[in-house]
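Chains, contacts and geometry: an overview
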Protein chains: 2
Amino acid sequence: MKPTIYDVAKAAEVSIATVSKVINNTGRISEKTIKKVRTIMETMDYQPSGVATALAGKQTFTIGVLVPEISNPFFSEIAKLLEDNAREAGYALIICSTYYQVDREHMYLDLLLKKQVDAIIIATDPIDIEPFKKINKRQVPVVLFTIDELLFSTHVVTTDDIKGGYIAGSYLLQKGHRNFAVVLEEGRKNSLTRLKGFKEAISEKNLILTDQQIYSSKSSMKEARNIAKSILTNPDKPTAIFCCTDLIALVLIQEAKKQGILVPEELSVIGYDNTVIAELSDPELTTVAQPINALAKHTIELLINSISSPGTELQRIVLLPELKERESVNLN
Amino acid sequence: MKPTIYDVAKAAEVSIATVSKVINNTGRISEKTIKKVRTIMETMDYQPSGVATALAGKQTFTIGVLVPEISNPFFSEIAKLLEDNAREAGYALIICSTYYQVDREHMYLDLLLKKQVDAIIIATDPIDIEPFKKINKRQVPVVLFTIDELLFSTHVVTTDDIKGGYIAGSYLLQKGHRNFAVVLEEGRKNSLTRLKGFKEAISEKNLILTDQQIYSSKSSMKEARNIAKSILTNPDKPTAIFCCTDLIALVLIQEAKKQGILVPEELSVIGYDNTVIAELSDPELTTVAQPINALAKHTIELLINSISSPGTELQRIVLLPELKERESVNLN
DNA sequence: TTGAAAGCGGTACCAC
DNA sequence: GTGGTACCGCTTTCAA
């Protein structure tokens with residue numbers, strides 16, 4: 001079995017209180033006993049129990065993360081960055097994929113609360129807010145990540161999606177496009193914000209988007225493929241399409257090519273998120289990039305601060321997106 | 001604050017032992033008190049502390065997963081499937097990306113042990129085995145996932161990589177190719193096993209692979225791009241290339257197209273893993289598929305069994321890969 | 001059918 | 001400097 005603090009204390013001929021102090025560098029212990037205890041710990045290969053520490057010390061050093069789907073490229077990159085930042089601070093992540101389902105959302109929320117995570121990152125739009133209010137009662141700090149809604153008492157770390165949509169819109173305008181389509185990502189509310197920004201941009205040229213020009217697709221390839229087909233077979237074909245995720249954009253490009261439509265010569269496509277697959281596309285995808293490194297960094301910092309000093313003022317950090325110009329948009 | 005079992009007991013006018021029993025459906029409690037306690041628990045919104053349960057009950061209901069990089073499409077899909085299966089059994093996952101670095105590998109191993117995870121899934125080749133031996137002392141069940149090496153006492157759940165390489169090789173042969181190149185994935189040993197299978201296949205036509213025909217690339221796009229260039233500029237260009245991961249294959253295809261080389265007309269490319277990006281490629285990537293659903297399912301089942309009955313005999317589950325024929329290989 | 005009490009492996013306060 | 005000890009919140013005998 002795993003050695004306990006009692007085993008160490010006995011072997012070192014000191015009390016567990018003393019051992020605890022050398023583990024945590026607290027109190028005043030003589031150099032001699034510190035050495036002795038340390039040596040014993042090493043030879044026994046002793047490691048304090050995280051569980052016991054959590055129970056006594058009130059911290060689990062674990063952060064819960066709710067995402068729609070970890071296999072989605074955007075979220076797996078986010079997970080990686082969050083993990084990187086958390087690790088440096090000694091925290092581990094429990095990542096939970098809700099698949100846009102209320103029951104999963106709730107069961108994972110309960111799971112995280114039960115595991116007593118020190119903080120929660122919500123990166124998927126809650127479907128039913130009610131149960132989330134429990135988090136506040138529990139005093140667990142929360143960051144809404146990439147979601148900008150005042151759902152309950154949380155920090156917010158996100159990208160300015162209005163701006164992002166605006167960037168996409170004005171870029172396409174600047175490239176001479178006047179006939180657009182927009183594909184939203186079903187289940188993610190920031191699609192709507194991006195759409196709003198897009199509309200704002202084109203309204204400056206007195207253009208508007210009719211409902212027929214707005215499509216919505218789940219983040220699955222099959223669904224995206226169907227939407228792509230219906231856009232491309234529509235008689236009033238747009239010259240440029242704004243897709244609210246790179247994945248949808250890639251599928252659209254692929255489908256266009258299958259139908260003999262040249263991208264970007266005959267059809268321009270712009271994505272959103274700048275995930276790795278944007279570079280893998282042919283033509284490489286022009287897209288709106290979110291500053292995910294900075295988002296992740298701020299998120300973890302914010303949470304760790306909130307953990308150590310509860311009652312910190314809630315923050316709202318909004319970073320700016322940026323156009324990533326590649327090959328999928330042409331002059332019209 | 002979070003209500004404790006004491007709060008519930010007091011409100012229900014019973015002892016904590018009784019409450020504990022109704023929580024766990026153990027012992028014999030009268031219907032009446034069960035009802036009473038349950039009602040109280042609901043109105044108080046009581047949830048037992050996972051930490052305390054773990055300390056008293058010896059289980060954390062957490063499984064640790066070591067992967068090279070969660071943002072790698074193969075591993076994010078794996079993570080998703082593992083999570084799915086674990087969730088159904090009430091377990092959460094702590095996913096750790098080692099980035100092929102010894103220090104990360106060790107720090108995460110220590111982290112998982114400290115957190116007292118109930119089991120560990122190792123999906124990245126350990127660089128330094130030594131510290132892993134601690135796991136055995138701790139009696140924590142382990143599955144080597146997609147790794148087939150007798151490192152220490154572990155279960156093994158993997159795909160037959162020899163067979164996989166063989167499938168790739170014989171398929172290319174059958175398509176009339178005789179001049180090959182193989183790109184290994186640096187840091188993953190099963191690349192070598194796949195290579196071995198590939199060599200076996202072509203040896204049946206009395207063909208061999210020289211060292212000059214074998215390349216090795218990290219799983220990063222920049223590196224893959226460099227390797228791709230050096231393959232494609234080599235005067236003795238192959239007619240078919242076997243890439244040990246889909247990502248490398250995609251980059252290779254992209255680079256080939258940039259140089260005006262038609263895929264698959266002038267160059268055939270076959271990948272490995274059948275990750276989502278294989279479908280996103282143009283042409284769509286022919287690849288060797290691993291049965292990841294089944295792998296994940298077996299892994300979690302095996303571990304949960306081992307947790308509940310320690311000392312279970314170690315198992316070695318080897319599943320078969322399968323050719324996924326798409327568009328990137330032509331008749332030569 | 002219920003409850004008292006001894007752990008589980010630490011932390012932290014208070015004596016000495 | 002060091003140690004005794006009361007928790008932390010739950011599980012699990014063992015008695016009653």
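Residues numbered from 1 in each chain as written. Chains lettered and ligands numbered in written order. Predicted model: local features only at pLDDT ≥ 70, side-chain atom pairs only at ≥ 80, totals over all residues. Heavy atoms only, no water.

Here we come to the relation of the copies chain A and chain B. Relating one copy of the chain to the other takes a rotation about an axis and a shift parallel to that axis. For these two chains of identical sequence, chain A goes onto chain B by a turn of 180° and a shift of 0.0 Å along the axis, with RMSD 0.1 Å. Expressed as an axis order, the relation between the two copies is that of a two-fold axis. When C-alpha distances to the rotation axis are compared across chain A, the minimum falls at isoleucine 94 of chain A, with a value of 2.6 Å. (Least-squares fit on C-alpha atoms with pLDDT ≥ 70 in both.)

This part covers the sheet that holds strand S10 (residues 286–289) of chain B. All names here are of chain B. If you walk across this open sheet you meet the six strands as S7-S6-S8-S9-S10-S12, and the pairing is mixed. Only two strands of the sheet have a single neighbouring strand rather than two, namely strand S7 (214–217) and strand S12 (322–324). Taking each pair of neighbouring strands and ignoring which way they run, the sheet shows an average axis angle of 20°. Contacts between helix H9 (residues 190–203) and the sheet are confined to strand S6 (180–185), S7, strand S8 (240–243) and strand S9 (268–273), with S6 contributing the most and set at about 160° to the helix. Packing against the sheet, helix H10 (residues 221–233) makes contact with S6, S7 and S8, and its axis sits at approximately 160° to S7. (Pairing = 2+ DSSP bridges. Helix = DSSP H or I, 4+ residues; strand = E, 2+ residues; numbered from the N terminus. Axes fitted to C-alpha atoms, helices over the stretch in contact; angles between N-to-C directions. Contact = heavy atoms within 4.5 Å.)

At their nearest, the axes of helix H5 (residues 73–88) of chain A and helix H6 (residues 102–114) of chain B sit 12 Å apart, and the two run at 75° to each other. In terms of orientation, H5 of chain A and H6 of chain B fall into the roughly perpendicular class. Where H5 of chain A abuts H6 of chain B, its residues Glu83, Asp84 and Arg87 of chain A lie against Arg104, Met107 and Tyr108 of chain B. (Parallel < 35°, antiparallel > 145°, perpendicular 65-115°, else oblique.)

Residue and element names in this part refer to chain B. As judged from the four bridges shared by S6 and S7, these two strands associate in the parallel manner. By the bridge assignment, valine 183 is partnered in S7 with tyrosine 215. In the classification by handedness, the crossover that spans S6, the intervening H9 and the parallel S7 is right-handed. (Right-handed = clockwise from strand over helix to strand, strands pointing away.)

Attention now moves to the sheet that holds strand S6 (residues 180–185) of chain A. Residues and elements named next belong to chain A. Across the sheet, which stays open at both edges, the six strands sit in the order S7-S6-S8-S9-S10-S12 with mixed pairing between neighbours. With one partner strand each, in any of the chains shown, strand S7 (214–217) and strand S12 (322–324) form the two edges of the open sheet. Direction aside, neighbouring strands of the sheet carry axes that sit 20° apart on average. Relative to strand S8 (residues 240–243), S6 runs parallel, the two being bridged by four bridges. Residue pairing for S8: valine 182 is matched across the bridge by phenylalanine 242. Most of the contacts of helix H11 (residues 246–258) go to strand S9 (residues 268–273), to which it runs at about 155°, and overall it touches S6, S7, S8, S9 and strand S10 (286–289).

Attention now moves to the packing of aromatic side chains. The full count for this structure, using the stated rule, is 12 aromatic pairs over all chains. Geometrically, the ring pair formed by phenylalanine 242 of chain A and tyrosine 272 of chain A is tilted, given 6.2 Å between the ring centres and 45° between the ring planes. Here phenylalanine 242 of chain A is found in strand S8, whereas its partner tyrosine 272 of chain A is found in strand S9, with 30 residues between them in sequence. Exposure remark for phenylalanine 242 of chain A: the relative accessible area of 0% places this residue in the buried category. Their ring planes at 90° and their centres at 5.4 Å tell us that phenylalanine 180 of chain B and phenylalanine 198 of chain B sit as a pair that is edge-to-face. One end of the pair, phenylalanine 180 of chain B, is in strand S6; the other, phenylalanine 198 of chain B, is in helix H9, and 18 residues separate them in sequence. Across the pair, exposure class does not vary: phenylalanine 180 of chain B and phenylalanine 198 of chain B are buried alike. Members of the aromatic cluster, joined through ring pairs, are Phe180, Phe198, Phe242 and Tyr272 of chain A. Looking at arginine 194 of chain A, its charged tip hangs above the ring of tyrosine 272 of chain A, at a distance of 3.7 Å from the centre. (Phe/Tyr/Trp six-rings, centres within 6.5 Å; stacked < 30°, edge-to-face > 60°. Buried < 20%, exposed > 50% of the residue type's maximum accessible area, 1.4 Å probe, protein only. Lys NZ or Arg CZ within 6 Å of the ring centre and 35° of its normal.)

Neighbouring residues of DNA strand D: 26 residues in total, closest Thr18 and Lys21 of chain A together with Ile5, Ser20 and Tyr46 of chain B. When atoms of DNA strand D within 4 Å of the protein are sorted by moiety, sugar and phosphate together comprise 64%. Serine 30 of chain A has a polar backbone atom sitting 2.8 Å from a phosphate oxygen of DNA strand D. At the level of elements, helix H2 (16–24) and helix H4 (50–57) of chain A together with helix H1 (5–12), helix H2 (16–24) and helix H4 (50–57) of chain B are the ones that each hand at least two residues to the surface near DNA strand D. Of the residues assigned to the surface near DNA strand D, the class counts are 14 nonpolar, nine polar and three charged. (Near = heavy atom within 4 Å. Polar contact = N/O pair within 3.5 Å; in protein donor to acceptor, adjacent residues only side chain to side chain. Nonpolar A, V, L, I, M, F, W, Y, C, P; charged D, E, K, R; others polar.)

This part covers the pattern of salt bridges. Throughout the structure, instances matching the rule amount to 32 salt bridges over all chains. The closest approach of N and O atoms between arginine 87 of chain B and aspartate 84 of chain B, which form a salt bridge, is 3.8 Å. Of this pair, arginine 87 of chain B and aspartate 84 of chain B both sit in helix H5 (residues 73–88), three residues apart, which is roughly one turn of the helix. Residue class for arginine 87 of chain B comes out buried when judged on its relative accessible area of 12%. The partner of lysine 297 of chain B in a salt bridge is glutamate 301 of chain B, with the nearest N and O atoms 3.2 Å apart. On the criterion of helical spacing, the pair formed by lysine 297 of chain B and glutamate 301 of chain B is a turn pair, its members being four residues apart in helix H13 (residues 292–308). By relative accessible area, glutamate 301 of chain B is classed as partly exposed at 40%. Linked through salt bridges whose partners overlap, the residues forming this network are Asp161, Glu185, Arg188, Arg194 and Asp273 of chain A. (Salt bridge = Lys/Arg side-chain N within 4 Å of Asp/Glu carboxyl O.)

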